[in-house]
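# Topology and contacts: notes
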Amino acid sequence: MTYAISQETLGWIFGLAPLVIGLTIFMVVWLTTRREVALVPPMGQTFACANCGRRSVREHMVPQMHDGAVSYVCAHCAGAH
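Residues numbered from 1 in each chain as written. Predicted model: local features only at pLDDT ≥ 70, side-chain atom pairs only at ≥ 80, totals over all residues. Heavy atoms only, no water.

## A closer look at a nonpolar patch on the surface
As a reminder of what qualifies: Here a patch means residues that are over 30% exposed by relative accessible area and free of salt bridges, tied together within 9 Å if like-charged and within 5 Å if nonpolar (Val, Leu, Ile, Met, Phe, Trp, Tyr). Calculation of accessible area relied on Shrake-Rupley with a 1.4 Å probe; when residues are assessed, cover is drawn exclusively from the protein chains displayed. When a carboxyl oxygen of Asp or Glu lies within 4 Å of a side-chain nitrogen of Lys or Arg, that pair is called a salt bridge. Numbered from the N terminus, helices here are DSSP runs of H or I no shorter than four residues, and strands are runs of E no shorter than two. Burial here depends on accessible area, computed with a 1.4 Å probe over protein chains only, as a share of the maximum for the residue type. Under 20% is buried, over 50% is exposed, and the range in between is partly exposed.
Taken together, the side chains of Trp12, Leu16, Leu19, Val20 and Leu23 define a hydrophobic patch exposed on the protein surface, amounting to about 520 Å² of accessible area. Positionally, valine 20 belongs in helix α1 (residues 7-33). Take valine 20: its relative accessible area is 48%, and that puts it in the partly exposed class.

Rendered as structure tokens:
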């Protein structure tokens, strides 16, 4: 007893195969990466240097007090004064 697959059935199989394979790959990648955490933490608030305008995170800036107000300068400008 032999079974023959019609041309129409073969067309459907080969027509849907790329879609099924693509969805399978997408699901496997999504399932394996959905619980990963970022390796680099997102950058927080940045401050601009009061002298040159260079931007950096507050921990890398040098605070300067001016009549109760605080301005931040970068390490390069703080070393120049």
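Next comes the rest of the account.
## Focus on the pairing of strand β3 (residues 62-66)
Rules: Pairs of strands are assigned from DSSP output, requiring at least two bridges between the strands.
Two strands pair when backbone bridges link them, and β3 and strand β4 (residues 69-73) are joined in this way by five bridges, in the antiparallel orientation. Paired with histidine 66 across the bridge in β4 is alanine 69. From the end of β3 to the start of β4, which pair antiparallel, there are two residues, and aspartate 67 there has a positive phi angle of about 50°.

## Looking at the packing of aromatic side chains
Geometrically, a pair of aromatic rings is defined through the distance of the ring centres and the angle of the planes. The criterion, for reference: Whether two aromatic rings pair depends on their centres lying within 6.5 Å, for rings of Phe, Tyr and Trp, where Trp uses its six-membered ring; planes under 30 degrees apart make the pair stacked, over 60 edge-to-face, and the rest tilted. Criterion for a charge above a ring: Arg CZ or Lys NZ at most 6 Å from the ring centre, at most 35 degrees from the ring normal.
Tallying each qualifying case throughout the model produces one aromatic pair. Each ring, one from phenylalanine 47 and one from tyrosine 72, has its centre 4.9 Å from the other, and the planes form 45°; the classification is tilted. One end of the pair, phenylalanine 47, is in strand β1 (residues 46-48); the other, tyrosine 72, is in strand β4, with 25 residues separating them in the sequence. You can call tyrosine 72 buried: its relative accessible area is 19%. The positively charged end of arginine 34 is found above the aromatic ring belonging to tryptophan 30, 5.4 Å away from the centroid.

## Focus: the confidence of the model for the chain
This is how it is decided: Scored between 0 and 100, pLDDT is the confidence that the predictor attaches to each residue.
Overall, the predicted model of the chain reaches an average pLDDT of 85, with 89% of residues at or above 70. At the low end of the mean pLDDT range in the chain sits helix α2 (residues 75-80), at 82; at the high end sits α1, at 93.

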